[in-house]
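Residue-level structural notes
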Amino acid sequence: MGQKKDLTGSEKSKIVRYLAEGCSSLKIAKLLKRDHRTIKRFIQNSQQGRKKRVEKPRRKITAHELRKVKRAAAKMPLATSLAIFQSCNITGVPKSTRCAILRDMAKVRKAERRPPLNKTHKLKRQDWAKKYLKTDFSKVLWTDEMRVSLDGPDGWARGWIGKGQRAPVRLRRQQGGGGVLVWAGIIKDELVGPFRIEDGVKLNSQSYCQFLEDTFFKQWYRKKSASFKKNVIFTQDNAPSHASKYSTAWLARKGIKEEKLMTWPPCSPDLNPIENLWSIIKCEIYKEGKQYTSLNSVWEAVVAAARNVDGEQIKTLTESMDGRLLSVLAKKGGYIGR
């Protein structure tokens, strides 16, 4: 067998299942009719995690282009490196090179926050990965809520600012701030929602179940075929309103119980692909430090951004689960890159 193109998402999923069944890499290669080296390379890369990039020589830009970049950084505070270089009509420069050039004339800070993992959390994450290693993730519905504010998340309004330049003034509100709570789901290549949770509603078990009834079940789920409902697996995190006895019993009456309701490990937002969808939407609605003056306007921006997310992007997220599970096992329950 000769070498072919890169492995497809479907082939990668099959490799994971065959490995879980105890098949050797040689047997998998024969079953998929692919080159043995291709299969071994995929397995090795999945187990080792992301390899550190080899430093390459930085592409040089001319002195004239450098002056244009400096002027653009001064005129476009808080912009991304890509936006700055595009405004100068400088193309073909990789992100690492753009940032290295900007570091000589500007600075950027970004806070990273995520829940801590203790030994028990890591063990539960490993057990979860082993449990669902053979799962067909094309049948899993990933759901979650996201809060969007008028001004963006804390620490979001950061970007490159030229040395000697002052940061732009942003709105400071004494009253009338707040945000919108949004619920959505993704399955295979389909986006479910987004749906807006009514302003002022405290999301407890009762209000959460009523919200699902009015939106998810009435507007999406009931339109699906009996075979779809029979095979779909519903996923939600361990928020109190999700994991309570009331919500669990209510979902069971809807037919979502036992193996159709995926258990979720603690402190694991990195394992839910819908978190990546939220990042895509937030990058779009808050680009260039954008702020909003009303809750309706920020909700409209969320709907528009969600509408621009195509099926291929969603499919890429949902098909990433096999790799995430392997990474969790390789890192012994530690955090994985998202």
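So, here is what we can say about the structure in this document. On a predicted model such as this, the values are computed, not experimentally measured, just so you know.

1. Some details on the overall build of the chain
Looking only at helices and strands, the chain features 15 helices and six strands. Out of the 338 residues in the chain, the part that is buried amounts to 42%. The long-range share in the chain, meaning contacts at least 24 apart out of those at least 6 apart in sequence, stands at 78%.

2. Digging into the sheet that holds strand β6 (residues 233-235)
Spatially, β5-β4-β2-β6 is the arrangement adopted by the four strands of the open sheet, whose pairing is mixed. Each edge of the sheet is formed by a strand with only one pairing partner; in this case those strands are β5 (190-197) and β6. Neighbour to neighbour, the strand axes of the sheet diverge by 20° on average, direction disregarded. The pairing of strand β2 (residues 140-149) with β6 spans three bridges and is classified as parallel. In the sheet register, tryptophan 142 faces β6, and the bridge partner there is threonine 235.

3. Observations concerning the packing of helix α8 (residues 205-219) against helix α11 (residues 245-253)
Helix packing geometry: the angle between the two helix axes and the distance between the axes. For the pair α8 and α11, the least separation of the axes is 8 Å and the interaxial angle reads 30°. Here α8 is positioned roughly parallel relative to α11, judged by the angle of their axes. Here α8 runs over α11; the crossing is right-handed. Contacts between α8 and α11 involve Ser205, Gln206, Tyr208, Cys209, Leu212, Glu213 and Phe217 from the first element and Tyr246, Ser247, Trp250 and Leu251 from the second. Classifying every residue of the contact of α8 with α11 by side-chain character gives seven nonpolar, three polar and one charged.

4. Points about the packing of aromatic side chains
Evaluation of the coordinates by the stated rule reveals 15 aromatic pairs. Centroid distance tryptophan 142 to tryptophan 264: 6.1 Å. Interplanar angle 75°. Geometry classified as edge-to-face. With tryptophan 142 in strand β2 and tryptophan 264 in the loop between α11 and α12 (274-285), this residue pair connects regions lying 122 residues apart in the sequence. Accessibility assignment for this pair places tryptophan 142 and tryptophan 264 in one class, buried. Ring centres of phenylalanine 216 and tyrosine 221 lie 5.5 Å apart, and the angle between their planes is 35°; this geometry places the pair in the tilted category. Grouped by ring-pair contacts, the aromatic residues Trp183, Phe195, Phe211, Phe216, Phe217, Trp220, Tyr221, Phe228, Phe234 and Trp250 constitute a single cluster. The side chain of lysine 224 reaches across the aromatic face of phenylalanine 228, ending 5.4 Å from its centre.

5. A word on the environment of aspartate 237
With respect to the helices and strands, aspartate 237 occurs in the loop between β6 and α10 (240-243). Residues aspartate 237 and serine 268, spaced 31 residues apart in sequence, show a C-alpha to C-alpha distance of 8.3 Å. Excluding anything up to four places from it in sequence, aspartate 237 contacts Asp144, His242 and Trp264. At a separation of 3.1 Å, a polar atom in the side chain of aspartate 237 contacts the main-chain amide nitrogen of alanine 239. Among the polar contacts listed, one links the side chain of aspartate 237 to the side chain of histidine 242, at a separation of 2.7 Å.

6. Thoughts on the packing of helix α1 (residues 9-20) against helix α2 (residues 25-32)
Their axes nearest at 10 Å, the elements α1 and α2 cross at an angle of 140°. Taken together, α1 and α2 sit at an angle that is classed as oblique. Where α1 crosses over α2, the two elements pack in a sense that is right-handed. Each of Glu11, Lys14, Ile15, Tyr18 and Leu19 in α1 lies in contact with α2, whose residues at this interface are Ile28, Leu31 and Leu32. Partitioning the contact of α1 with α2 into residue classes produces six nonpolar, no polar and two charged.

The rules behind the values
- Residues numbered from 1 in each chain as written.
- Predicted model: local features only at pLDDT ≥ 70, side-chain atom pairs only at ≥ 80, totals over all residues.
- Heavy atoms only, no water.
- Helix = DSSP H or I, 4+ residues; strand = E, 2+ residues; numbered from the N terminus.
- Buried < 20%, exposed > 50% of the residue type's maximum accessible area, 1.4 Å probe, protein only.
- Contact = heavy atoms within 4.5 Å.
- Pairing = 2+ DSSP bridges.
- Axes fitted to C-alpha atoms, helices over the stretch in contact; angles between N-to-C directions.
- Parallel < 35°, antiparallel > 145°, perpendicular 65-115°, else oblique.
- Left-handed = near helix turned anticlockwise from the far one by under 90°.
- Nonpolar A, V, L, I, M, F, W, Y, C, P; charged D, E, K, R; others polar.
- Phe/Tyr/Trp six-rings, centres within 6.5 Å; stacked < 30°, edge-to-face > 60°.
- Lys NZ or Arg CZ within 6 Å of the ring centre and 35° of its normal.
- Polar contact = N/O pair within 3.5 Å; in protein donor to acceptor, adjacent residues only side chain to side chain.

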